[in-house]
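So you can see what is in the structure, the chains are spelled out below.
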Amino acid sequence: MSHTAPGTEPAQPPPGDDHAFFGQPRGLMTLSGLEVWERFSFLGMQAILVLFFADTVSDGGMGMDPGTAASVSAAYGTLVYLVSVAGGWLADRILGSYRAVLYGGILIACGHYAMAVPTAAMTWVGLGLISAGTGLLKPNVASMVGKLYGTEDDRRDAGFALYYMGINIGAFAGPLVTGWLGEHASWHWGFSAAAFGMTLGLIQYVAGRRHLAGRKHAAEYALAPGPMRRAVRTIIAGAVAVALVATALALAGWLTLDRFVDVLTVISVIAPVVYFVVMFRSPRVDAEERGRLRPYVVLFLASVVFNFILFQAYSTMILLASTNARTEIFGLHFPASWYASALGAFEVALAPVVAAVWARMGPRQPHASNKIAIGVILGGLSFLLMVLPTSGHADETYKMAAWWIVGSYLLLGLGDILLETSGMSATTKLAPKAFASQTMALWFLSLALANGIQAQIVKLYGEVSNPAYFGVNGAIAVAAGVAVIAAAPWLKRTMHPVH
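Note that the structure is predicted; figures quoted are calculated from it, not measured.

**As for the packing of aromatic side chains**
The tally for this structure, following the rule as stated, stands at 15 aromatic pairs. Ring centres of F53 and W124 lie 5.9 Å apart, and the angle between their planes is 20 degrees; this geometry places the pair in the stacked category. A residue pair is termed long-range when its members are at least 10 positions apart, and F53 in helix α1 (residues 27-54) and W124 in helix α4 (residues 120-146) qualify at 71 residues. Its relative accessible area of 36% is what places W124 among the partly exposed residues. Ring plane angle 25 degrees and centroid distance 5.9 Å describe the contact between Y81 and F311, whose orientation is recorded as stacked. In this pair, Y81 is assigned in helix α2 (residues 66-95) and F311 in the loop between α9 (287-310) and α10 (316-324), connecting sequence segments 230 residues apart. Classification of Y81 by relative accessible area gives buried; the value is 4%. Aromatic rings pair up to connect F52, F53, W124 and F191 into one cluster.

**Here we look at empty space enclosed by the protein**
Empty space among the atoms can be located by rolling a probe the size of a water molecule over them. Taken as a whole, this structure holds 3 cavities of 30 Å³ or more when the rule is applied. The calculated volume of the largest cavity comes to roughly 290 Å³. Contributing to the lining of the largest cavity are 25 residues, with R39, Y81, Y164, L310 and D416 lying nearest its centre. At the level of secondary structure, the elements contributing two or more residues to the lining of the largest cavity comprise α1, α5 (156-184), α9, α11 (339-361), α14 (402-430) and α15 (436-457).

The rules behind the values
Residues numbered from 1 in each chain as written. Predicted model: local features only at pLDDT ≥ 70, side-chain atom pairs only at ≥ 80, totals over all residues. Heavy atoms only, no water. Phe/Tyr/Trp six-rings, centres within 6.5 Å; stacked < 30°, edge-to-face > 60°. Helix = DSSP H or I, 4+ residues; strand = E, 2+ residues; numbered from the N terminus. Buried < 20%, exposed > 50% of the residue type's maximum accessible area, 1.4 Å probe, protein only. 1 Å grid on protein atoms, 1.4 Å probe; cavity = no way out; pocket = protein on both sides within 12 Å on 5 of 7 lines; lining within 4 Å. Points joined across faces, edges and corners; volume = space filled by probe spheres on them.

Structure (structure tokens):
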């Protein structure tokens, strides 16, 4: 039994916190505030990353062709979410969620500061630090949101919608700042702004820590002291070994950038398969929990399909906007990277509407599986919409109206709210107790797989016609959403206590 030592802060927030933030727990404000700045830094940087990769070396870029730039950007996303598995395990067994999020935020800030240094070497160092930090932060901060609510609390989906609104305030503001700095000053000034944003996020997270439910100094399922020491030594030795082997292979000319991308794609496929097998076979997962994991596989695959579309808002869609879309609205000229802010703006505007609708409907709201399915369909429609303005042109010099891309992001933003909030909420309910943070990491492995697949598919961008590229990918997503709707009766039976 754990006890609170004299002079230390309690593990649970004050009782008056329960309805202090728009009828939600006060801790939701602290976690949402952290995500505002984390997404400001992460998506602000990502909005200009593919343009930085594709820009000429003389203009401060990396000189990659568009397909390679999009592929490497997707591979970076793959690495970010692959590392989230280790982040979930470290939180459950060694660090605890609070410290995992704190240390992750520090690594992210250091990574952005490294990318502010205008050298290629520091760019790769920075991306590595951000990948490690995001892997620690993302799965655990979402799990901390879930701990604010009881399993049967009808406010849970509305709370996740508000949390996701906070995410998208950062997603809206980040590209505006980094995009303007990147295209008017230098790309590295844009990365500096991302570093500053993450620093602010860390400050407010530490300041609001007493409002976080379940905050403990130790991990909830901590290893015994002996195994913990061995695990730490193994982790350090493994990280050093991987770094040495990778460096040796790179110097030998075998580990090229293309091969590294391919390796990450293979790992992104293998990792979730292995992880599901481990959880299904674990003796610490009882029969009831194992039964809830089966429908979770369907939700996992739905997330892969949708996020394959979503992440291209920061790769192929940005590239398309930079070459074939007008960068002015009502006479106002803007950087192409600002299109990424449209996605965040729509989600900021729509998230409270969705939250209010779900709260008003209460138990009459659609089942989580149907919300997710509709989200996938909307994602597919966002790509199918792009078939219209990219068709029927004699060459590739055309310029579509800005409203086409804005309209696509509107569909994509609404789909994202429906899928991600319901998906994250369902994950916290379906997770086996012994794998709480790690199952949240498994949800992020769906993002890794989506990025891993994207890293290969985007190589076709520019090789096939734009109508074919967007049309085929969009149609596949719509078909996947329809399949989830068809499976709804089985999902409703097997997903209890998810409603």
